[in-house]
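Structure at a glance
Residue strings, one per chain:
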Amino acid sequence: MKITVFGKRRRIILFCVLFFFCCLMPAVLSHAEGENGEVLTVGVPVDRCPVFYEDEERGEIVGIGVDLMRTAAENAGYKTVFKSIGDKTLREALDDPAFDVVMPFGSALPSAAGKETIVSDNLMQTPFTLLTNGHRGIPKLNELKVGMLSSLSSGAETVRQLYPGMEIVFYDTMDEAVKALRSDKVDALLHNSYVWSYVLQKPSYGDLEVKPSAMFSMDFRAGTQDTPEGRVIIDRLNGGIASLSDTYREAVVLDYTTRKLYRLTLYDRIYENRWGIVLVGLLLVAVILIADFRRRALRLEQEKEVLWLEDHDSLTGALSLAGFRKKVEELLRSHPDIPYLLAYVNIKNFKFVNDSLGMKAGDELLRYWVKRTQQTLSEEEAVCRIESDHVAVLRHAGGEEKLHRDDQEVIDSVREFFLDLGKENRVQICGGLYVLTPKDYQRIDVDHMLDCARIAEKEVREAKVDGYGFYNPEEWERGKRVADVVGRLPVALRSGEIQIWYQPQVDYITGKITGLEALSRWNHSTLGWIPPGEFIPELEETGLIYDLDSYVWEHVCRDLKHWKEQGIHRSASVNLSRSDIREDRDISGHFQDLIKSHGLSPDQFRIEITETAFAKDPELLIHTTEELKKLGFQVEMDDFGSGYSSLHMLKEVPVDRIKLDLHFLTETGDVKKGQIIVGYMIQMVRSLGMSMIVEGVETKEQAEFLKERGCSEMQGFYFHKPMSKEDLEQLPAEDFQN
Ligand code: C2E
Ligand code: MG
Ligand code: MG
């Protein structure tokens, strides 16, 4: 029980002791502090490093102003606590009871609430300078438009007193102020030099420049409301300020202005390293582009490879069947003038080669064979491995000699392949050849051509011979002839193998020869007489027809001149081929020069152009016809009735005479109907105001019929066959119309 009473008392004592420490101690301590130095709360703006700013590491407000004020206050017996005035202006802060004093002031200004204030003595002279945009000149101070921070509005009033003509624009942040300066909205920015020394540490402000001479100095004072307490504080502070030495002031300023206080922001770092970043960016883009390019190139390469594999045989590098089909079609389309043959070649004992010498040897043989073939091929030829040992080649049909050469150079070397390697295996090769016909160029069917060549190859193989055979030997013979004929034309023209024959044209009523048609005849040195039907189309195709025709025209002129010199006035028709007429060739001019140089008149020269030519290229042909007619030549539409657009052509083409070919209308079908058509045609041509001649007249009946229908101009075997100039000259003079 005793123990309990004692315990209670002790607890009360303990509580009293704790109460004393917790509640009364601060007051005791505060009192003690007041004795050693009262606390002076100083309100300052913190946006003006190095004068006032917040040190993030120490978590307190520091700066030139802080050091000077603290020392002055300490000298005056105060302990200082610096607090930020936040968003308040200095004048607003004067009304805030949280602050004992507020700074910095240049002079005493009424508080925002209009209270009178007093200021301390000057702590230091702060130089205010202008910041300009580079080296640009600025107007006189009194005419300047300057930018200042809104927080410096109290300073601005001092400025206004000093330079009444100066226009001041306020900006909330330094960035906004700098932007305005850069875009020439203001001539300069104004702030204290210490702040500029800090602000200009920002890398992106490197282009800005502080005008070196101080513009003016402003006092740096602490202010408070003009109250008795305020006056006490200011009095005491003035004592403290008076004991600040100039050396100390300079040391503090120097200390802060030489420190690298500016903390680089992310933006500053980016700005500082912008060129490096740009370079790295460019490098990165370049790397990406290169990588993308390589990826595309690789894909393209792969696609190409896939395509190549589709069209090629991977073992030999020759075309595959699919590739061969495409290539042959392409070649035949772009070179319809090249005579081709298609070879289907096969190794007869290939199985034996594989069995006895091994697959590898067989592969090597195939590779060698294709390589040898490729070495002899031109761009317009192609080789393909259809399968196994079956090879197809599209080759120019160059005649017997070339075929023999191919056999020797390619096939023989394949035959001897193993013998050359010292093995006693002669390879047997069978080939089938298909000579392409004009139809093959019109309706390209590669499989059909291959089939034909394969049939020929099979025959050779089954005949147990080694060599080659033709599927269509007659085509081969014909091709050889054509090649020979076309190739020989220049020689034939020079050597006189080409002759000009004339077929007379008669007026059936008078029985007199009224004209002649000049026709070529070729007396080939080895082939004998070749009919025009066998060489004219080939020459037309190869474009050589102009050589022949201009030769014919020249000789006809010579003959007409010759007869003229004998006092015989004759006229002759010449054939003008469709391919003689070209945009770049002045045909009418050519004829004019010809007759001029031979002293002939244009009426002695008739020009025959086939109806089909008009149908194929009407515009150019019609233009040429008009030109010829302007020069006085007679133009005739040859082979009328052979084409498909005869009637339409009649109204379009400005020819003088129509030459109707009797064959086309009477040779086949119902003769009676043919005659009716001919009858109406004569009538129609006459009604259209054109004259008419009928060729191919072979019988008296035909001649009589034509006469009855009103056409007396005729040409045909019934009257005369084409004859040489000499034979023509043998005809009695009275047969000719005067
Ligand atoms: P074309 O101009 O229609 O010549 C008439 C063709 O019919 C000639 O054939 C002639 O011999 C033939 N002929 C004439 N009367 C008869 C007849 O009663 N019955 C039969 N069955 N045929 C008859 P040719 O000389 O063989 O000439 C054929 C074609 O070749 C010519 O037809 C012409 O288009 C062309 N030609 C001939 N020589 C030349 C030439 O020097 N230059 C050009 N560009 N073409 C020519
Ligand atoms: Mg003719
Ligand atoms: Mg004709």
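A brief look at the structure comes next. The residue count restarts for each chain, going from 1 along the sequence in the order it is written. Labels are handed out in written order, letters beginning with A for the chains and numbers beginning with 1 for the ligands. This being a predicted model, a pLDDT of at least 70 is required before a residue's local features are given, and a value of 80 or more before pairs of side-chain atoms are given or counted; all residues contribute to the totals for chains, interfaces and linings. Side-chain measures here rest on the full set of heavy atoms in the structure, leaving out hydrogens and waters.

Here we take up the site of ligand 1. Around ligand 1, 22 residues are found, and the nearest of them are S520, R521, D549, E698 and F717. Contact between ligand 1 and D639: an oxygen atom at 3.0 Å from a side-chain N or O atom of the residue. Residue-level accessible areas treat just the shown protein chains as cover; the underlying method is Shrake-Rupley with a 1.4 Å probe. A total of 780 Å² of accessible area belongs to ligand 1 in isolation, and the protein chains cover 81% of it. Counting only elements with at least two residues in the shell around ligand 1, the list comes to strand 20 (512–524), helix 19 (532–542), helix 20 (545–565) and strand 24 (634–640). Strands here are runs of E lasting at least two residues and helices are runs of H or I lasting at least four, both read from the DSSP assignment and numbered beginning at the N terminus. If one sorts the elements of the shell around ligand 1 by residue count, strand 20 sits on top with 4 residues. Three categories are distinguished: nonpolar for Ala, Val, Leu, Ile, Met, Phe, Trp, Tyr, Cys and Pro, charged for Asp, Glu, Lys and Arg, and polar for the others, with Gly belonging to the last. Class assignment for the residues of the shell around ligand 1 results in 7 nonpolar, 7 polar and 8 charged. Throughout, near means a residue has at least one heavy atom within 4 Å of the molecule or strand. Whenever a nitrogen or oxygen atom comes within 3.5 Å of another N or O atom, the pair is scored as a polar contact, on the condition that within protein one atom can donate a hydrogen and the other can accept it, and that pairs from neighbouring residues in sequence are kept only if both atoms are in side chains.

Where a metal carries four tetrahedral donors, each ideal angle is 109.5 degrees; where it carries six octahedral donors, the ideal angles are 90 or 180 degrees. Protein ligation of the magnesium ion (ligand 2) involves E517 (OE), N575 (OD1), E608 (OE) and D638 (OD), the donor distances falling in the range 2.1 to 2.3 Å. Only nitrogen, oxygen and sulfur atoms count as donors, using a 2.8 Å cut-off from the metal that widens to 3.2 Å for Na, K and Ca. Water is left out, so coordination shells may look unfilled. Positions of the donor residues of the magnesium ion (ligand 2) along the chain correspond to the pattern E-x57-N-x32-E-x29-D. Separation of the magnesium ion (ligand 2) from the magnesium ion (ligand 3) amounts to 3.8 Å, with D638 serving as a shared donor to the pair. Linking E517 in strand 20 with N575 in strand 22 (residues 572–576), this pair joins segments that are 58 residues apart in sequence. Under the scheme applied here, a residue whose accessible area is under 20% of the maximum for its type counts as buried, over 50% as exposed, and between as partly exposed, the area being computed with a 1.4 Å probe on protein chains only. Taking the relative accessible area as the measure of exposure, E517 reaches 4% and is therefore buried.

A word on the packing of aromatic side chains. Here the distance between the centres and the angle between the planes together describe a pair of aromatic rings. Ring pairs are drawn from Phe, Tyr and Trp, using the six-membered ring of Trp, whenever the two centres fall within 6.5 Å, and their geometry is named by plane angle: stacked under 30 degrees, edge-to-face over 60, tilted for the rest. Throughout the structure, instances matching the rule amount to 18 aromatic pairs. With 5.6 Å between their ring centres and 55° between their planes, F591 and F605 make a pair best called tilted. Placement of the pair is F591 in helix 21 (residues 587–597) and F605 in strand 23 (residues 605–610), with a sequence separation of 14 residues. On the basis of relative accessibility, which here comes to 1%, the residue F605 falls in the buried class. Three or more aromatic residues joined by ring pairs form one cluster here, namely Y546, W553, F591, F605 and F633. The aromatic ring of Y256 is capped on one face by R259, whose charged end is 4.2 Å from the ring centroid. A positively charged side chain is recorded as over a ring if its NZ (Lys) or CZ (Arg) lies within 6 Å of the ring centre. The angle to the ring normal must also be within 35 degrees. In this structure, R585 is placed above the aromatic ring of Y546, and the distance from its NZ or CZ to the ring centre is 3.6 Å.

A few words now on the coordination of the magnesium ion (ligand 3). At this site the magnesium ion (ligand 3) is bound by D638 (OD), D639 (OD) and E695 (OE), with donor distances of 2.0 to 2.5 Å. Read in sequence order, the donor residues for the magnesium ion (ligand 3) give the motif D-D-x55-E. For D638, a relative accessible area of 5% translates into the label buried.

Let us now look at the packing of helix 18 (residues 473–495) against helix 19. Note on method: axes are straight lines fitted to C-alpha atoms, helices fitted across the in-contact stretch only, with angles between N-to-C directions ranging 0 to 180 degrees. Where helix 18 contacts helix 19, the two axes come as close as 10 Å, and the packing angle between them is 65°. Between helix 18 and helix 19, the crossing angle belongs to the class labelled roughly perpendicular. As for how helix 18 packs across helix 19, the hand of that crossing is right-handed. Two secondary-structure elements touch here, helix 18 through R478, R481, V482, V485, V486 and L489 and helix 19 through E534, F535, E538, L539 and T542. Of the residues belonging to the contact of helix 18 with helix 19, the class tally is 6 nonpolar, 1 polar and 4 charged. Roughly parallel means an angle under 35 degrees; roughly antiparallel, over 145; roughly perpendicular, 65 to 115; everything else is oblique. Each helix crossing is assigned a hand: it is left-handed if the near helix lies turned anticlockwise from the far helix by less than a right angle, otherwise right-handed if that turn is clockwise. In what follows, a contact means two residues having at least one pair of non-hydrogen atoms within 4.5 Å.

Next up on the list: the sheet that holds strand 17 (residues 429–435). As summarised here, the arrangement of the 5 strands in space is 15-16-14-17-18, forming an open sheet in which the pairing is mixed. A strand with exactly one partner marks an edge of an open sheet, and here the two such strands are strand 15 (382–387) and strand 18 (467–470). Neighbour-to-neighbour, the strand axes of the sheet open up by a mean angle of 20°, direction not taken into account. A pair of strands is considered paired only if DSSP assigns at least 2 bridges between the two. Two strands pair when backbone bridges link them, and strand 17 and strand 18 are joined in this way by 4 bridges, in the parallel orientation. For L433, the partnering residue across the bridge sits in strand 18 and is F470. Those strands touched by helix 17 (residues 446–462) are strand 14 (340–347), strand 15, strand 16 (390–396), strand 17 and strand 18, and its axis lies near 140° from that of strand 17.

What follows concerns the nonpolar core. Note that soluble globular proteins tend to have their nonpolar side chains buried in a common cluster. In this description, a nonpolar core means a group of buried Ala, Val, Leu, Ile, Met, Phe, Trp, Tyr and Cys residues linked to one another through side-chain atoms lying within 4.5 Å. Among the nonpolar cores identified, the biggest contains 75 residues, and V556, F591 and F605 are the most heavily contacted of them. It is helix 20 that provides the largest number of residues to this core, a total of 10 residues. Discounting chain neighbours no more than four positions away, the residues touching F605 are W553, V556, C557, L560, A572, V574, F591, I595, F633 and Q634.

For G134, the location among the structural elements is in the loop between strand 7 (125–133) and strand 8 (145–149). Sequence-wise, G134 and L208 are 74 residues apart; in three dimensions their C-alpha atoms are separated by 5.1 Å. Apart from the residues lying within four places of it in its own chain, the contact partners of G134 are D207, L208 and E209.

Right, let's talk about the packing of helix 2 (residues 64–75) against helix 8 (residues 246–257) for a bit. Where helix 2 contacts helix 8, the axes come no closer than 9 Å and their chain directions differ by 150°. With respect to their mutual orientation, helix 2 and helix 8 come out roughly antiparallel. Classified by chirality, the crossing of helix 8 by helix 2 is right-handed. Across the interface between the two elements, I64, D67, L68 and T71 from helix 2 touch Y248, R249, V252, V253, Y256 and T257 from helix 8. Considered class by class, the residues forming the contact of helix 2 with helix 8 number 6 nonpolar, 2 polar and 2 charged.

Attention now goes to the environment of Y248. Within the fold, Y248 resides in helix 8. Classification of Y248 by relative accessible area gives partly exposed; the value is 28%. Considering only alpha carbons, one finds Y248 and K630, 382 residues apart in sequence, at a separation of 118 Å. In this structure, Y248 is in contact with D67, L68 and T71, ignoring residues within four places of it in sequence.

With that settled, the discussion passes to the sheet that holds strand 5 (residues 101–105). Taken in spatial order, the 5 strands line up as 4-1-5-13-6 in an open sheet, and their pairing is mixed. A strand with exactly one partner marks an edge of an open sheet, and here the two such strands are strand 4 (78–84) and strand 6 (117–119). Recorded for the sheet is a direction-independent mean angle of 35° between the axes of neighbouring strands. In this sheet, strand 13 (residues 221–225) lies alongside strand 6 in antiparallel orientation, the contact comprising 3 bridges.

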